[in-house]
Amino acid sequence: MSFLSLLVFSPLLGIILLAFVRRTDTKTIQWLGTAATVPPLLLALFAFIQSGSGFRLEQLDESYDWVRLANLPFFTDAAYVIRYELGIDGLSLLFIVLTAVLGTLAAVASLLIKVEKKGYFMWLLALEIGMLGVFAAANFIWFFLFLEVTLVAMFLLVGKWGGFERERAAYGYLLYNGLGSALLLVVIAVLVARTGTANFALLHETLHNPVAEGQLIAPLTAEARYWLLGGLLLAFAVKLPAVPLHRWLVRVHVEAPPPVVMLHAGVLLKIATYGMIRFGIGLFPDEFRAFAGAIAVLGVINILYGALLALRQRELKHVLAYSSVSHMGVVLVGLGALNEAGIQGAVFQSVAHGLIAALSFLLVGVLANRIGTTDIHRLGGLAKAMPIFSGYLLTAALALLGLPGLAGFVGELTAFLGLFETKPTLAAAGALGLIFAAVYSLRAILDITFGHTRERYESTLGLRGAKESAASVSEPRVIDLQAKEAVPAFVLVALIVAVGVYPQLLAEPLATVLETMMNGLGG
């Protein structure tokens, strides 16, 4: 098996082995489920290290005949074959590494899952295969197939292992993302029917080389290109999500198991960023310019709307859900700037938010498991009972508000620098959302760690009645972070600091991809 195929499908071995383990053998299930995420992590890190030493990533590309189409007269002979194609460049490499890292950390965090662990880990590994495949796919057909694997896996993980309203959240997720996928499938079908290929590189060549364009099965008019790009952007706007298509995300963030939300917020939302850059700017650069202003406006709306609603929430999961809406708006702002700084900022923000959101929901899972609630008004004084946990939670809040030296600052700064260069008034309006982010993140975290809601907190724990004297009651015996939780939290904080202090970690792999895209944009 070739390198990329091994990277993408190595978790499948874990699924096969788990199928032969008894449901009651939870320790073996936990060990196998976690161990199966390690091979793609090692392979992804190996590719990242090799790319930094000058290795050409295109040498890892794979291409094999998969399905041969017969008796279709409108296709040329060369288009009879749909190929199994995987490929990687600097852009996809960053997202593959992000997926592999968060996949392993989410598996470790899944110790909090109490029921049906066997089925849970099998679907979690299937979700990881889908996510890795999306970023490694080198043609539209396989991109779509892997995307549908993530859709099914997420639906089942939310619907089976989620909270009280898990079914509503799962069906909302399926409805919105299913419609987005259907629209994407229409665009793919038109492109393949008109060009005779699903390969990304050939599509780019066909759509931009006048000689190749003259050999199209059916011509693509300027109007058709705008419609196709519009369909792509709308499909990915659902998955981002952009306001007003965001309600499903709030339900999923609240109802899904925290380890699953680590992957959803950390990776799945970033498929939209990847798709808009890879297919929007990559295939339709001239047409993308016409949409850039609207994308930037939508990004500012996302930032302000998400931040203002986060200010009004009393439930920590809701705060983080609307925070995701707001921070993904920064991605749209960067793409709408349509310059090198903006596009680079969109990628930086995607990776940074992935790490920060994963840390936040890892800690949310610990909080819900220890105390049974994440209601901000029912918590307080956790810094005394759980000092290590509170330190990590405060670090997550500082990263969320974009403190210099942490990953969130790099993405926001670069994206807004790009927008200030092209649309300064709009950028100034969007920057207000960064101020709101400081307010809602610090208010929520400081209320939980240092707040004075002592009675409600102890009542929630059932430690004493409301009429008991405080002097007769000892401090709450809440267990602080244990090694199985502190290790993934430490890894995430280390990565957040590393990216914040040395953003060249992300910039270096992106350099060649950005240069190619800017040439396509004429900049």
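Here the structure is a predicted model, which means the values were calculated and not measured. Numbers given to residues run from 1 along each chain, matching the order in which its sequence is written. It should be noted that, the model being predicted, local features are given only for residues of pLDDT at least 70 and side-chain atom pairs only at 80 or more, the latter also being counted only at that level, while totals for whole chains, interfaces and linings use all residues. In computing side-chain values, all of the structure's heavy atoms are included and hydrogens and water are not.

Visitor: Hey, could you go over the overall build of the protein chain for me, with residue numbers and the actual values?
Guide: Scanning the protein chain from N- to C-terminus turns up 24 helices and two strands. C-alpha atoms define the radius of gyration, and 2.2 Å times the number of residues to the power 0.38 defines the globule rule. Computed over the C-alpha atoms, the radius of gyration of the protein chain is 23 Å, within 12% of the 24 Å expected from 2.2 N^0.38 for a compact globule of 523 residues. Along the first, second and third principal axes, the C-alpha set of the protein chain runs to 85 × 60 × 45 Å. Considering the protein chain as a whole, with its 523 residues, one finds that 59% of them fall into the buried category. Within the protein chain, residue pairs in contact and separated by at least 24 positions form 78% of the contacts whose partners lie at least 6 positions apart. Carbon and sulfur atoms make up 65% of the accessible area of the protein chain, which amounts to about 20,700 Å² in all. We count a stretch as a helix when DSSP gives it H or I for four or more residues in a row; a strand needs E for two or more, and each element gets its number in order from the N terminus. Each residue gets one of three labels from its accessible area relative to the maximum for its type: buried under 20%, exposed over 50%, partly exposed in between, using a 1.4 Å probe on protein chains only. When checking whether two residues touch, look at their non-hydrogen atoms; a contact exists if any pair is within 4.5 Å. Accessible surface area values rest on a Shrake-Rupley calculation with a 1.4 Å probe, where residue burial reflects the displayed protein chains alone.

Visitor: Could you give me a rundown of the packing of helix 16 (residues 316-337) against helix 20 (residues 407-422), with the residues and numbers involved?
Guide: Their axes nearest at 8 Å, the elements helix 16 and helix 20 cross at an angle of 40°. Accordingly, the angle class assigned to the pair helix 16 and helix 20 is oblique. Every pair of crossing elements has a handedness; the one defined by helix 16 and helix 20 is left-handed. Counting all contacts with helix 16, which are made through His327, Val330, Val333, Gly334 and Ala337, the residues of helix 20 involved are Gly411, Glu412, Ala415, Phe416, Gly418, Leu419 and Thr422. Note on residue categories: nonpolar means Ala, Val, Leu, Ile, Met, Phe, Trp, Tyr, Cys or Pro, charged means Asp, Glu, Lys or Arg, and polar means any other residue, Gly included. Classifying every residue of the contact of helix 16 with helix 20 gives six nonpolar, five polar and one charged. A fitted line through C-alpha atoms serves as each axis, taken over the contacting stretch for helices, and the angle formed by two N-to-C directions is quoted from 0 to 180°. Between 65 and 115 degrees an angle is taken as roughly perpendicular, under 35 as roughly parallel, over 145 as roughly antiparallel, and anywhere else as oblique. Crossing chirality is assigned from the near helix's rotation relative to the far helix, an anticlockwise turn below a right angle marking it left-handed and a clockwise turn marking it right-handed.

Visitor: Any chance you could break down the pattern of salt bridges for me, citing the residues and the numbers?
Guide: The salt bridge criterion pairs a side-chain nitrogen of Lys or Arg with a carboxyl oxygen of Asp or Glu, the two atoms within 4 Å. The final tally for this structure, using the stated rule, is six salt bridges. Here Glu58 ties to Arg56 by a salt bridge, and the two come within 2.9 Å at their closest N and O atoms. Arg314 serves as the salt-bridge partner of Asp375, at 2.8 Å between the closest nitrogen and oxygen. Linking Asp375 in the loop between helix 17 (340-371) and helix 18 (382-385) with Arg314 in the loop between helix 15 (285-311) and helix 16, this pair joins segments that are 61 residues apart in sequence. According to the relative accessible area criterion, Arg314 is partly exposed, its value standing at 40%.

Visitor: Residues and numbers for the side chain of Lys317, please.
Guide: Position of Lys317 among the secondary structure elements: in helix 16. A residue counts as positive if it is Lys or Arg and as negative if it is Asp or Glu; His and the chain ends are not included. No salt bridge is formed by the buried Lys317; the nearest opposite charge belongs to Glu315, separated by 5.6 Å. Nitrogen and oxygen atoms within 3.5 Å of one another constitute a polar contact, given that in protein one can donate a hydrogen and the other can accept it, and given that sequence-neighbouring residues count only through two side-chain atoms. One polar contact links the side chain of Lys317 to the main-chain carbonyl oxygen of Val254, over a distance of 3.3 Å. Excluding anything up to four places from it in sequence, Lys317 contacts His253, Val254, Val364 and Thr374.

Visitor: How would you sum up empty space enclosed by the protein? Please name residues and give values.
Guide: A water-sized probe rolled over the atoms picks out the places where empty space is left. Cavity: a set of points on a 1 Å grid over the protein atoms alone where a 1.4 Å probe fits but cannot get out. Pocket: an open set with protein on both sides within 12 Å along at least five of seven lines, its lining residues, like those of a cavity, having an atom within 4 Å of a point. Grid points are joined across faces, edges and corners, and a volume is the space filled by probe spheres set on the points. Within this structure, the stated rule accounts for six cavities of 30 Å³ or more. In this structure, the largest cavity occupies an estimated 100 Å³ of space. Every residue lining the largest cavity is listed: Leu147, Thr150, Leu151, Tyr173, Asn177, Ser181, Lys239, Trp248, His264, Leu268, Leu269 and Ile271. Broken down by class, the residue content of the lining of the largest cavity amounts to seven nonpolar, four polar and one charged. The wall of the second largest cavity is formed by Leu316, Val319, Leu320, Ser360, Leu393, Ala396, Ala397, Leu400, Tyr440, Ser441, Ala444 and Ile445. Every element with two or more residues in the lining of the second largest cavity is listed here: helix 16, helix 19 (387-400) and helix 21 (424-450). For the lining of the second largest cavity, the class distribution of residues is 10 nonpolar, two polar and no charged.

Visitor: Residue-level account of unusual backbone geometry, with values.
Guide: Following Leu240, the chain continues into Pro241 via a peptide bond in cis, with omega recorded as -5°. Its location among the elements puts Pro241 in the loop between helix 11 (222-239) and helix 12 (247-255). With an omega dihedral of 10°, the bond running from Val243 to Pro244 counts as a cis peptide bond. Checked against the element boundaries, Pro244 lands in the loop between helix 11 and helix 12.

Visitor: Can you tell me about the packing of helix 17 against helix 24 (residues 504-521), naming the residues and giving the values?
Guide: To characterise two packed helices, one gives the angle between the axes of the helices and the distance between these axes. At a closest axis distance of 10 Å, the pairing of helix 17 and helix 24 adopts a crossing angle of 140°. When the axis of helix 17 is compared with that of helix 24, the two are oblique. In this structure, helix 17 crosses over helix 24, and the sense of that crossing is right-handed. Between helix 17, through Glu340, Ile343, Gln344, Val347, Phe348 and Val351, and helix 24, the contact on the second element is made entirely by Leu506, Ala507, Leu510, Leu514, Met518 and Leu521. Considered class by class, the residues forming the contact of helix 17 with helix 24 number 10 nonpolar, one polar and one charged.

Visitor: With reference to specific residues and values, describe the nonpolar core.
Guide: It is characteristic of soluble globular proteins that their nonpolar side chains tend to be buried jointly. With 178 residues, the main nonpolar core has Leu91, Leu102, Phe140, Phe143, Leu184, Leu316 and Phe389 as its most contacted residues. Counting residues per element, this core draws most heavily on helix 17, at 18 residues. The contacts of Phe140, once residues within four sequence positions are left out, are Ile188, Leu191, Ala198, Phe200, Leu203, Leu232, Phe279 and Leu283. If you look at the next biggest cluster of nonpolar residues, it comprises 11 residues, including Ile303, Val330, Ala337 and Phe416. The definition of a nonpolar core used throughout is a set of buried Ala, Val, Leu, Ile, Met, Phe, Trp, Tyr and Cys residues joined through side-chain atoms within 4.5 Å.

Visitor: Lay out helix 6 (residues 117-136) with the relevant residues and their values.
Guide: Here helix 6 contains 20 residues, and its C-alpha end-to-end distance of 28 Å stays within 8% of the 28 Å for a straight helix at 1.5 Å per residue. Within helix 6, 18 of the 20 residues are buried, which leaves it mostly tucked inside the rest of the structure. Multiplying one less than the number of residues by 1.5 Å gives the expected span of a helix.

Visitor: So what's going on with the packing of aromatic side chains? Which residues, and what values?
Guide: Here the aromatic set is Phe, Tyr and Trp, taking the six-membered ring for Trp, and pairing holds for ring centres within 6.5 Å; pairs whose planes are under 30 degrees apart are stacked, those over 60 apart are edge-to-face, and all others are tilted. Counted by the stated rule, this structure contains 19 aromatic pairs. Where Tyr274 meets Phe279, the ring centres are 6.5 Å apart and the plane angle is 80°; that geometry is what we call edge-to-face.

Visitor: Could you give an account of the side chain of Thr374, with specific residues and numbers?
Guide: For Thr374, the location among the structural elements is in the loop between helix 17 and helix 18. With sequence-adjacent residues up to four places away left out, Thr374 is seen in contact with Arg314, Glu315, Leu316, Lys317, Val364, Leu367, Ala368 and Leu379.

Visitor: Which residues make up the layout of surface pockets, and what values do they have?
Guide: Approximately 1,000 Å³ is the volume found for the largest pocket. In this structure, the largest pocket is lined by 39 residues; those nearest its centre are Ile88, Asp89, Gly90, Arg278 and Val513. Going through the elements one at a time, helix 4 (38-52), helix 5 (90-109), helix 9 (200-208), helix 14 (270-283) and helix 24 are the ones with two or more residues in the lining of the largest pocket. In terms of residue count, helix 24 provides more of the lining of the largest pocket than any other element does, 10 residues in total. Residues belonging to the lining of the largest pocket are distributed by class as follows: 20 nonpolar, 13 polar and six charged.

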